[in-house]
Amino acid sequence: MIGTKISEQDLATVADIVARDLAKRFSPEEFTFDPIIVKHALDHDGDEILRIQIIFDGDQDNLDPGWTVGIVGRIYPELEAITVTAYPIISFIEKSEWEDPTYDIPWWEEEA
């Protein structure tokens, strides 16, 4: 069970933190990241997590995995500053997949 509910305002702040981090690396001409969805949930072990789905439009080949893998480390200090300690799990989803009605949501994206 989720111990302390994270407010909608804090979830929106997390989305803003992620958006600012993405804007440091990618220009609007390269990628559009919208929406960025943040939900408080439990993982399969019962630990609190933040499910962060980043919906993007752009050439996935230009989505630098060496940089994107470091997002958690870059945003975590800002999360702690707003007292959000749930661990972020980040998914990048192509907009065309997101809009596809047959898109299969993986188990970790199901409601807790």
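This is a predicted model, so every value here is computed, not measured. (Residues numbered from 1 in each chain as written. Predicted model: local features only at pLDDT ≥ 70, side-chain atom pairs only at ≥ 80, totals over all residues. Heavy atoms only, no water.)

Asker: Looking at this model, I keep getting lost on the overall build of the chain. Mind explaining?
Answerer: A tally of regular secondary structure across the chain gives four helices and three strands. Reading the secondary structure of the chain in the N-to-C direction produces α-β-β-α-α-β-α. By sequence separation, contacts in the chain at least 24 residues apart represent 66% of the contacts at least 6 residues apart. (Helix = DSSP H or I, 4+ residues; strand = E, 2+ residues; numbered from the N terminus. Contact = heavy atoms within 4.5 Å.)

Asker: Looking at this structure, I do not really get the sheet that holds strand β2 (residues 48-58). What am I missing?
Answerer: Backbone-to-backbone hydrogen bonds join strands into a sheet, with any given pair of strands oriented parallel or antiparallel. If you trace the three strands from one edge of the open sheet to the other, you get β1-β2-β3, paired in mixed fashion. One side of each edge strand has no neighbouring strand; the edge strands of this open sheet are β1 (31-42) and β3 (87-94). Taken over all neighbouring pairs, the strand axes of this sheet differ in orientation by 20° on average, direction set aside. Bridge count for β2 against β3 is eight bridges, and the pairing is parallel. The residue of β3 that forms the bridge with L50 is P88. Along the sheet face, helix α1 (residues 8-25) touches β1, β2 and β3 and points at about 140° away from the line of β1. Contacts between helix α3 (residues 71-81) and the sheet are confined to β2 and β3, with β3 contributing the most and set at about 130° to the helix. (Pairing = 2+ DSSP bridges. Axes fitted to C-alpha atoms, helices over the stretch in contact; angles between N-to-C directions.)

Asker: Sorry, what's going on with the environment of I49 here?
Answerer: The topology assignment puts I49 in strand β2. As for I49 and T85, which are separated by 36 residues in sequence, their C-alpha atoms are 8.4 Å apart. Ignoring any residue separated from it by four or fewer positions in sequence, one finds I49 in contact with K39, H40, A41, L42, D43, A86, Y87 and I89.

Asker: Any chance you could explain the nonpolar core here in plain terms?
Answerer: Counting 23 residues, the largest nonpolar core has V18, L22, F33, I36, V38, L50 and I52 as the members making the most contacts within it. Of all the secondary structure elements, the ones that give two or more residues to this core are α1, β1, β2 and α3. Ranked by the residues each element gives to this core, the list is headed by α1, at six residues. When sequence neighbours within four positions are dropped, the list of residues in contact with I52 reads V14, V18, I36, I37, V38, I75, P88, I89, I90 and S91. (Core = buried A, V, L, I, M, F, W, Y, C linked by side-chain atoms within 4.5 Å. Buried < 20%, exposed > 50% of the residue type's maximum accessible area, 1.4 Å probe, protein only.)

Asker: Quick question: what am I supposed to make of the side chain of D21 here?
Answerer: Inspection of the secondary structure assignment puts D21 in helix α1. Side-chain polar atoms of D21 contact the side chain of R74, separated by 3.0 Å. (Polar contact = N/O pair within 3.5 Å; in protein donor to acceptor, adjacent residues only side chain to side chain.)

Asker: I keep staring at α3 and nothing clicks. Help me out?
Answerer: Side chains that are three or four residues apart share a direction in an α-helix, a result of its 3.6 residues per turn. Every buried residue belonging to α3 is among I71, V72, I75 and L79, and all of these are buried. Around the axis of α3, the buried residues are gathered within 85° of arc, so they sit on the same side. Exposed side chains of α3 directed beyond 90 degrees from the buried face belong to G73 and A81. In the core, the buried residues of α3 are packed alongside α1, β2, α2 (65-68) and β3. (Arc of directions from axis to C-beta.)

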